[in-house]
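# Coordinates in review
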Amino acid sequence: MKIKGRVWVYPDNVDTDVIIPARYLNTSDPAELAKHCMEDIDENFAKEVKEGDIIVAGYNFGSGSSREHAPIAIKASGVSCVIAKSFSRIFYRNAFNIGLPILESNVVDELEKGDEIEVDTSEGKIMVLKNGKVFKSSVIPEFMQQLIESGGLFGYAKKLLNV
Amino acid sequence: MGGMTISQKILAAKSGNSSLRAGDIVLADVDLAFANDITAPISIDFVKRLGVDVFDRGKIALIPDHFTPNKDINSANQCKIMRDFVKERDLPLYWESGEVGIEHALLPEQGYIKPGMLIVGADSHTCTHGALGSFATGMGSTDVGFAFATGKSWFRVPESIKFVYKGKRNRWVVGKDLILYTIGKISVAGALYKSMEFSGEAIRELSMEDRLTMCNMAVEAGAKNGIVEPDEITIKYLEERGIKEGDYTIFRSDDDAEYSDIIDIDVSQIEPQIAFPHLPSNTKGISQIERDIKIDQAFIGSCTNGRISDLREAARVLKGNKVAKYVRLIIIPATVEVYKQALKEGLFDIFLEAGAVISTPTCGPCLGGYMGILADGEVCISTSNRNFVGRMGSKKAYVYLSSPAVAAASAVAGKIVHPDEVVK
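Residues numbered from 1 in each chain as written. Chains lettered and ligands numbered in written order. Predicted model: local features only at pLDDT ≥ 70, side-chain atom pairs only at ≥ 80, totals over all residues. Heavy atoms only, no water.

## Examining the overall build of chain A
Put simply, the rule reads: Helix numbers and strand numbers start at the N terminus; a helix is a DSSP run of H or I with at least 4 residues, a strand a run of E with at least 2. Radius of gyration here is computed from C-alpha atoms only, and the compact-globule reference equals 2.2 Å multiplied by the residue count raised to the power 0.38. Exposed residues in this analysis have more than 50% of their type's maximum accessible area, buried residues have under 20%, and partly exposed residues fall in between, with area computed by a 1.4 Å probe over protein chains only. Residue contacts are counted whenever heavy atoms from the two residues lie within 4.5 Å of one another. All accessibility values rest on the Shrake-Rupley procedure with a 1.4 Å probe; residue burial counts only the protein chains present in the view. We count Lys and Arg on the positive side and Asp and Glu on the negative side, and we leave His and both chain ends out. Charge positions come from single atoms, namely NZ of Lys, CZ of Arg, CG of Asp or CD of Glu.
Within chain A, the secondary structure is distributed over seven helices and seven strands. N-terminal to C-terminal, the α/β element order of chain A is β-α-α-α-β-α-β-α-β-β-β-β-α-α. Its C-alpha atoms give chain A a radius of gyration of 15 Å, within 12% of the compact-globule value 15 Å for 163 residues. Dimensions of chain A, computed from C-alpha atoms along their principal axes, come out at roughly 50 × 40 × 25 Å. In chain A, buried positions account for 59% of the 163 residues. When contacts within chain A are restricted to residue pairs at least 6 apart in sequence, long-range pairs at least 24 apart make up 64% of them. Looking at chain A as shown, the accessible area adds up to about 6700 Å², and 48% of this sits on carbon and sulfur atoms. Charge separation in chain A, taken as the distance between the mean sites of 19 positive and 24 negative side-chain charges, equals 3 Å.

## Observations concerning the interface of chain B and chain A
Stated formally: The term buried area denotes the loss of accessible surface (1.4 Å probe radius) that occurs when two parts are joined, taken as the sum for both partners. Any carboxyl oxygen of Asp or Glu within 4 Å of a side-chain nitrogen of Lys or Arg constitutes a salt bridge here. N or O atoms within 3.5 Å of each other form a polar contact, as long as, within protein, one can give a hydrogen and the other can take it, and as long as residues adjacent in sequence are counted only when both atoms are side-chain atoms.
Contacts between chain B and chain A engage 49 residues on the former and 43 residues on the latter. Together, the buried faces of chain B and chain A total about 3800 Å²; carbon and sulfur atoms form 61% of this surface. For the chain B face of the interface with chain A, the top three residues by lost area are Trp154(B), Tyr193(B) and Lys395(B), together amounting to 17%. At the junction of chain B with chain A, the criterion picks out three salt bridges. Between Glu43(A) and Lys395(B) there is a salt bridge, with the nearest N and O atoms lying 2.9 Å from each other. Along the contact surface separating chain B from chain A lie 17 residue pairs in polar contact (both at pLDDT 80 or more). Looking at which element gives the most residues to the side of chain B that touches chain A, the answer is helix 5 (residues 141-150) of chain B, with six residues.

## Observations regarding the pattern of salt bridges
Following the criterion strictly, the structure yields 37 salt bridges over all chains and no others. As a salt-bridge pair, Asp420(B) and Arg171(B) come within 3.0 Å of each other at their nearest N and O atoms. Taken as a pair, Asp420(B) in the segment after helix 14 (404-413) and Arg171(B) in the loop between strand 8 (160-166) and helix 6 (175-186) lie far apart in primary sequence, 249 residues in all. Look at Arg171(B) and you get partly exposed, because its relative accessible area is 48%. Where salt bridges share partners, they join Asp17(A), Arg67(A) and Arg391(B) into one cluster.

## Concerning the sheet that holds strand 3 (residues 81-84) of chain A
Residues and elements named next belong to chain A. Here is the rule we go by: Here the rule is simple: two strands pair whenever DSSP picks up at least two bridges between them. Axis geometry follows a simple rule: fit a line to the C-alpha atoms, using only the stretch in contact for helices, then measure angles between N-to-C directions, giving values from 0 to 180 degrees.
In spatial order, the strands read 4-3-2-1-5-6-7; together these seven strands make up an open sheet with mixed pairing. Edge positions in the open sheet fall to strand 4 (102-104) and strand 7 (134-136), since each of these has one partner strand only. Averaged over all adjacent pairs, the angle separating strand axes in this sheet is 30°, with direction ignored. Note that strand 1 (residues 2-9) and strand 2 (residues 54-57) share three bridges and pair parallel. Of the residues in strand 2, the one forming a bridge with tryptophan 8 is isoleucine 55.

## Some remarks on the nonpolar core
Where we set the bar: For this analysis, a nonpolar core means a set of buried residues of the types Ala, Val, Leu, Ile, Met, Phe, Trp, Tyr and Cys, connected via side-chain atoms within 4.5 Å. As used throughout, domain bounds are those supplied by an automatic or database domain assignment.
Counting 87 residues, the largest nonpolar core has Ile55(A), Phe61(A), Ile74(A) and Leu62(B) as its most contacted members. In terms of residues, this core owes the most to one element, helix 2 (residues 40-50) of chain B, which gives six residues. Here this core gathers at least three residues from each of two domains, domain 1 (6-266) and domain 2 (274-421) of chain B. The residues touching Ile55(A), leaving out its near neighbours within four places in the chain, are Trp8(A), Tyr10(A), Met38(A), Phe45(A), Phe61(A), Ile74(A), Val79(A), Cys81(A), Val82(A) and Ile83(A). Core analysis: the next-biggest nonpolar cluster, separate from the first, contains 61 residues, Leu93(B), Ala136(B), Met208(B) and Ile235(B) among them.

## Focus: the pairing of strand 6 (residues 135-138) of chain B
Residues and elements named next belong to chain B. Residues of strand 6 alternate between two faces, with Phe135 and Thr137 on one and Ala136 and Gly138 on the opposite face, all of them buried. Across four bridges, the pairing between strand 5 (residues 118-122) and strand 6 is parallel. Looking at the pairing, glycine 121 lines up with glycine 138 of strand 6.

## Some points on empty space enclosed by the protein
All names here are of chain B. As a reminder, the rule being used: For each structure, a 1 Å grid was placed over the protein atoms alone; sets of points admitting a 1.4 Å probe that cannot get out are labelled cavities, open sets with protein on both sides within 12 Å along at least five of seven lines are labelled pockets, and lining residues have an atom within 4 Å of a point. Grid points are joined across faces, edges and corners, and a volume is the space filled by probe spheres set on the points.
On inspection of all chains with the given rule, the structure shows four cavities of 30 Å³ or more. Put simply, the largest cavity is a space of about 210 Å³. In terms of lining residues, the largest cavity is bounded by 22 residues, among which His66, Asp123, His125, Leu367 and Arg391 are the most central. Those elements giving two or more residues to the lining of the largest cavity turn out to be helix 4 (103-109) and helix 10 (302-305).

## Description of helix 13 (residues 347-354) of chain B
All names here are of chain B. Selection criterion: Taken from the helix axis, the directions to the C-beta atoms give the arc we talk about.
For helix 13, the full list of buried residues reads Leu347, Phe348, Ile350, Phe351 and Ala354. The buried residues of helix 13 occupy an angular sector of 160° when projected down its axis, which confines them to one face. Exposed residues on helix 13 whose side chains face more than 90 degrees from its buried face are Asp349, Leu352 and Glu353.

## Concerning the packing of aromatic side chains
Going by this rule: Ring pairs shown here join Phe, Tyr and Trp side chains whose ring centres sit within 6.5 Å, with only the six-membered ring taken for Trp; geometry is labelled stacked below 30 degrees between planes, edge-to-face above 60, and tilted in between.
Scanning all chains against the criterion turns up 16 aromatic pairs over all chains. Judged by centre distance (5.9 Å) and plane angle (5°), the rings of Tyr156(A) and Phe146(B) are stacked. With one member in each of two chains, Tyr156(A) in helix 7 (residues 152-161) and Phe146(B) in helix 5 form a pair that bridges those chains. Accessibility assignment for this pair places Tyr156(A) and Phe146(B) in one class, buried. Considering the side-chain rings of Phe163(B) and Phe198(B), the 5.9 Å spacing of their centres and the 35° angle between planes classify their relative orientation as tilted. Of the two residues, Phe163(B) is situated in strand 8 and Phe198(B) in strand 9 (residues 195-199); the sequence distance between them amounts to 35 residues. Among the residues examined, Phe163(B) registers a relative accessible area of 0% and is labelled buried.

## So, the domain arrangement of chain B
All names here are of chain B. Per the domain assignment, the segments making up chain B are domain 1 (6-266) and domain 2 (274-421). If you look at the interface, domain 1 gives 37 residues, while domain 2 gives 41 residues. Here domain 1 meets domain 2 over a buried area of about 3100 Å², counting both sides, of which 61% is carbon and sulfur. There are two salt bridges connecting domain 1 and domain 2. Between the two partners, domain 1 and domain 2, sit 22 residue pairs in polar contact (both at pLDDT 80 or more). Residue assignment for the side of domain 1 that touches domain 2 shows that the elements contributing at least two residues are helix 4, helix 6 and helix 8 (208-216). Per-element tally for the side of domain 1 that touches domain 2: the top contributor is helix 6, with five residues.

## So, the packing of helix 6 of chain B against helix 8 of chain B
Residues and elements named next belong to chain B. The criterion, for reference: Roughly parallel refers to an angle under 35 degrees, roughly antiparallel to one over 145, roughly perpendicular to one between 65 and 115, and oblique to any angle outside these ranges. Crossings are classed by handedness, with left-handed meaning an anticlockwise turn of the near helix from the far one by less than a right angle and right-handed meaning a clockwise turn. Ten residue types, Ala, Val, Leu, Ile, Met, Phe, Trp, Tyr, Cys and Pro, are classed as nonpolar, four, Asp, Glu, Lys and Arg, as charged, and the remainder, Gly among them, as polar.
Contact geometry of helix 6 with helix 8 gives a least axis separation of 8 Å together with a crossing angle of 25°. For the element pair helix 6 / helix 8, the angle class is roughly parallel. The interaxial crossing formed by helix 6 with helix 8 has right-handed handedness. Along the contact surface, helix 6 presents Gly175, Lys176, Leu178 and Ile179, while helix 8 presents Asp210, Thr213 and Met214. Its residues assigned to classes, the contact of helix 6 with helix 8 shows three nonpolar, two polar and two charged.

Right, dumping it as structure tokens:
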């Protein structure tokens, strides 16, 4: 898959409380959650984010709560991909489970808000368009690729249960 | 090839493997899967869309603890989704307000957690349950929905870090201080994707409640699970709940198990710890605080420190004292049993005389859900597990983390102080 988009740049340890604060967790409606996405770290995000934009960040993105509402809010905002130096374990699984592409890479060090990048998820390559620099990214483990081929965790459950 | 850690052994047993290495991916049978009123609706939807029954009615728990008693119409509707599902499927492990407690305090207290179990919960603090020698990890709603339907979950077998705690604890130093100190040492991503195995003579001397507190915060260092090998204290805790040897399997790490790191910690060097805003790893010993930190609120409760031993510690400090003017002290027993026991022991008299507010069991202010929400610029000292930006209300508020004794003493002093300053 190839993704091209404008980036939003964030630091290390972006936690799930700033991605979607608990005060909005009395619903799981994606559109409602998107209205408050990144609210406690960036008041402008929900207003200004455009379809296809990419979030890039430092280490330990998505740390904290298990709330799947965090990747749901990001995906419903129109974000095409999240690239961080590392992800919290639960966020990584959650994003994968709901079909939000995420990649591990150090590309954040090269970027400023609004820069454009091109991501090739199958080759694990990220190109910074302003200077042509190419960064490598993690490749999705084989078992997880099989899950994708089964139609995600839902498709895999259907296969396991024969329904 | 080297031996296995306790965490690896449980995953091996539950996935039908004789041996596993870190990095292997397995599909394993879970013994318990649970979710709360925030996370369950999405898990329930997963099961309903599949059109199947749950894998085992007795191995699924639904615990409405976050926004209950319901704070608004939306949260009431979320609880109704749970209640309707429980009624429809006739699921026994469900608790209403009046009997419900915070999931990670309720499940061990009520005897649902045993050594050797594989447990997944749609709440990050599911790692709490490793204190009883189980492999317990938090996941999202879809993963737990998958477990509800199939009885299985997939795992990447983790590397482990072994923490060896030695020496005698100082006065007022409890499990909370040991884990805050540890997270301060290794950082919030210091155990990312890994197991934290807590061991050593100082852990063997620690009560089960203190061990639960330590494992609770393993996720704050990024860990997949926290775990303590079962010992006499574990067995006694189980016996008190009518669980006998033979009802569970004890796993232990092999002597030649491979660890990604072994970290020795001398607990005699640790004083009561404070985690400064806005990360649980921003810890300092209480004597290292450079200036007065005035507080507006103190909160004693949550899945980290809302157990009976925590309330007893708070009462020890609050007895005969008054909360400082303009400071709110909120105390929330984690379960109904804790509530009843505290009432019986007269702790509520002490709390009420001191000027504290006591609530029915709920997660409440810990996650900024309701009750005790902070205003712009306010400061709270909390016994909960996270002090992230906006965690307890305003994103312009400041949350410090501590043990119950420090939180209670600070409520009396109106600023963050050592309990010795209040209990002479």
